Amino acid sequence: MLARMEPLDADARLMLRYRDGHSEAFSALYARHKGPLYRYLLRQVRNAGAASDLFQEVWSHLIATRARYEARAKFATYLFHIAHNCTIDFFRRDRTARRAARDDPEAQAVEPEAPEYQRPDAMAEFVEQQSALLAALSSLPREQREAFLLHEETGLTIEEIARVTDVGVETAKSRLRYAITKLKKSLTEAQIPAARRLEARNASA
Amino acid sequence: MHRPDELDEYLRGDSPLSRQYRRENAPLPPHALDRRILESSREARGAAPQLAPLAFAASVLLSVALVLAILFGPQTAQHAKNAPRVVRAAAHGAPALRLYSSDPVHVRTPSAWLADIAALRRAGRNREADEQLRRFRSAYPGYAAGMAAIAP
């Protein structure tokens, strides 16, 4: 029996058209994915400046390597795999820079501050601006946060999340399971004080 | 019977958690960034990736032509390749003299070669001077200018 070919998704067809020289196909592709990709990056690195830099890096990589594109899987897995790799590199660079600054007494003397997005006040400000859910999401371990964002922003399945993040299906499943358990718990905890405030207001009225 | 857990419920879609997430503010990239990326996508299109194989074939052809030109080029190129080259050596009590090496990059002109032979003679190193003169005549058989100065 012949294996059934998986039909190309609309985005993969757009990417193939862009690869073959149709720039309007890129515009359509960009319009569809810019929001989910930007939010994925923003909520992963938790800093608007760094997210913008990474956002540009991901699209630049896509543009530069378009000639090698082959529609083997859903386009979103291809795009977010690039994004995942860029993010990993970002965290690696950041860790190296922080370690170098910590080990170098002169650098400490000259610039004792951590990068802006790592400063506790900047982090606190970021968290304060978020709702309870986003604050809880922000406090998740990076891998769990990523699994949740990939599912919410792109609708990727567990298998696709595993492919994007280069881990086994069970690992991806476990990360997502932990993420939703913690998020639900945080939401419930956040709702209790709000409910109490409402009760107190009703009682005093 | 298998009891669906939190994850299964969540993956079925439209869970309270997903609904809550979708109600959140959905930030977008700045417009300036949109413009920059769309411009770069159009500029890159101008570079026409489908022409890359053609460019590669052209560069291979050029490289082959260059190699053939080096291997089977004019005889003068061979002369230059075979001509002796200079290295530094200290003569006994004499100023440093430039002797010949096989370094293909530094090829001396005939007049510089003759000047070196003359220097060898002045330093009393006649045997080396004779040997260099023999090699000089073999490399430049018709060369006459300045020969008197280096005659034994």
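Residues numbered from 1 in each chain as written. Chains lettered and ligands numbered in written order. Predicted model: local features only at pLDDT ≥ 70, side-chain atom pairs only at ≥ 80, totals over all residues.

Caption draft 1: Focus on the overall build of chain A. Regarding its fold elements, chain A presents 10 helices and zero strands. Each helix and strand of chain A, placed in order from N terminus to C terminus, yields the pattern α-α-α-α-α-α-α-α-α-α. In chain A, which comprises 205 residues, the proportion classed as buried is 32%. If you take every contact in chain A between residues at least 6 apart in sequence, the share linking residues at least 24 apart comes to 62%. (Helix = DSSP H or I, 4+ residues; strand = E, 2+ residues; numbered from the N terminus. Buried ≥ 20, exposed ≤ 12 C-beta atoms within 10 Å, placed from the backbone. Contact = placed C-beta atoms within 7 Å.)

Caption draft 2: Focus on the overall build of chain B. For chain B, the count of helices and strands is seven helices and two strands. The linear arrangement of helices and strands in chain B, starting from the amino end, is α-α-α-α-α-β-β-α-α. The contacts in chain B between residues at least 6 apart in sequence include a share of 30% that link residues at least 24 apart.

Caption draft 3: Broad picture of the nonpolar core. Ranked by size, the top nonpolar core spans 46 residues in total, and within it Leu 41 and Ile 161 of chain A carry the most contacts. Every element with two or more residues in this core is listed here: α1 (10-19), α2 (23-45), α3 (48-64), α4 (75-103), α7 (132-138), α8 (142-154), α9 (158-165) and α10 (169-204) of chain A. The element contributing the most residues to this core is α2 of chain A, with nine residues. Of the residues that make up this core, three or more belong to each of domain 1 (1-118) and domain 2 (130-205) of chain A. Look past the residues within four positions of Leu 41 of chain A in its chain and what remains in contact with it is Ala 51, Leu 54, Phe 55, Ala 83 and Thr 87 of chain A. Residues Trp 113, Leu 120, Leu 133 and Phe 136 of chain B belong to the second largest nonpolar core, which totals seven residues. (Core = buried A, V, L, I, M, F, W, Y, C linked by C-beta atoms within 7 Å. Domains from an automatic or database assignment.)

Caption draft 4: Up close: α8 of chain A. Residues and elements named next belong to chain A. Helix length check: α8, at 13 residues, gives a terminal C-alpha distance of 17 Å against a target of 18 Å (1.5 Å per residue), a fit within 8%. For α8, the buried fraction is high: 11 of the 13 residues fall into the buried class. Taken as a whole, α8 has its buried residues at Gln 144, Arg 145, Glu 146, Ala 147, Phe 148, Leu 149, Leu 150, His 151, Glu 152, Glu 153 and Thr 154. Just beyond α8, the residue with positive phi is Gly 155, at close to 70°. (Expected span 1.5 Å × (residues − 1).)

Caption draft 5: Region of the structure containing the interface of chain A and chain B. Of the residues lining the interface, 29 residues belong to chain A; the matching set on chain B comes to 27 residues. The dominant element in the side of chain A that touches chain B, judged by the number of residues it contributes, is α2 of chain A, at nine residues.

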